[in-house]
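Per-entry structural report
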Amino acid sequence: MLLIKCLLLYGAWRLWFSAPLAKKMTVPETAINQQLLGQPAAADHRSTVPGDNNATRR
């Protein structure tokens, strides 16, 4: 059973996680930084809705 489970996990990893992007696709480094580190993007648009801030969102 353990061998079958390991083979299934390895197959899932190869199928979905080994190469998630096509070779011709690229991701800007700023987008990666924003997602991983929470840094705002260069073209970050702030909301102008009153009361819409981090303290009120949960």
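Everything discussed here concerns the structure shown above.
Here the structure is a predicted model, which means the values were calculated and not measured. (Residues numbered from 1 in each chain as written. Predicted model: local features only at pLDDT ≥ 70, side-chain atom pairs only at ≥ 80, totals over all residues. Heavy atoms only, no water.)

1. Description of the overall build of the protein chain
Test applied: For the purposes of this entry, the term helix denotes a DSSP run of H or I that reaches at least four residues, the term strand denotes a run of E that reaches at least two, and both are numbered from the N terminus. Classification of residues uses two cut-offs on accessible area relative to the type maximum, computed with a 1.4 Å probe and protein chains only: under 20% is buried, over 50% is exposed, and between them is partly exposed. Per-residue and other accessible areas were derived by the Shrake-Rupley procedure at a 1.4 Å probe size, with only the shown protein chains allowed to occlude residues.
From N to C terminus, the protein chain includes 2 helices and 0 strands. Residues classed as buried in the protein chain amount to 0% of the 58 residues present. With an accessible surface of roughly 6100 Å², the protein chain has 62% of that area assigned to carbon and sulfur atoms.

2. Remarks on helix α1 (residues 2-17)
The line we're drawing: Helices are assigned an expected span. That span is 1.5 Å times one less than the residue count.
The first and last C-alpha atoms of α1 sit 21 Å apart over 16 residues, in line with the 22 Å expected at 1.5 Å per residue. Counting buried residues along α1, only 0 of its 16 residues qualify, which leaves the element largely exposed.

3. So, a nonpolar patch on the surface
We apply this condition: In this scheme, patches are assembled from residues that exceed 30% relative accessible area and form no salt bridge. Like charges are connected within 9 Å, while nonpolar side chains (Val, Leu, Ile, Met, Phe, Trp, Tyr) are connected within 5 Å. For salt bridges, the criterion is a side-chain nitrogen of Lys or Arg within 4 Å of an Asp or Glu carboxyl oxygen.
The grouping of Y10, W13, L15, W16 and F17 at the surface amounts to a nonpolar patch, some 670 Å² of accessible area in total. Along the chain, L15 falls in helix α1. Given the relative accessible area of 61%, L15 is considered exposed.

4. Comments concerning helix α2 (residues 29-37)
The element α2 is largely exposed, with a buried count of 0 among its 9 residues. One or two positions beyond α2, positive phi appears at G38, with a value near 80 degrees.

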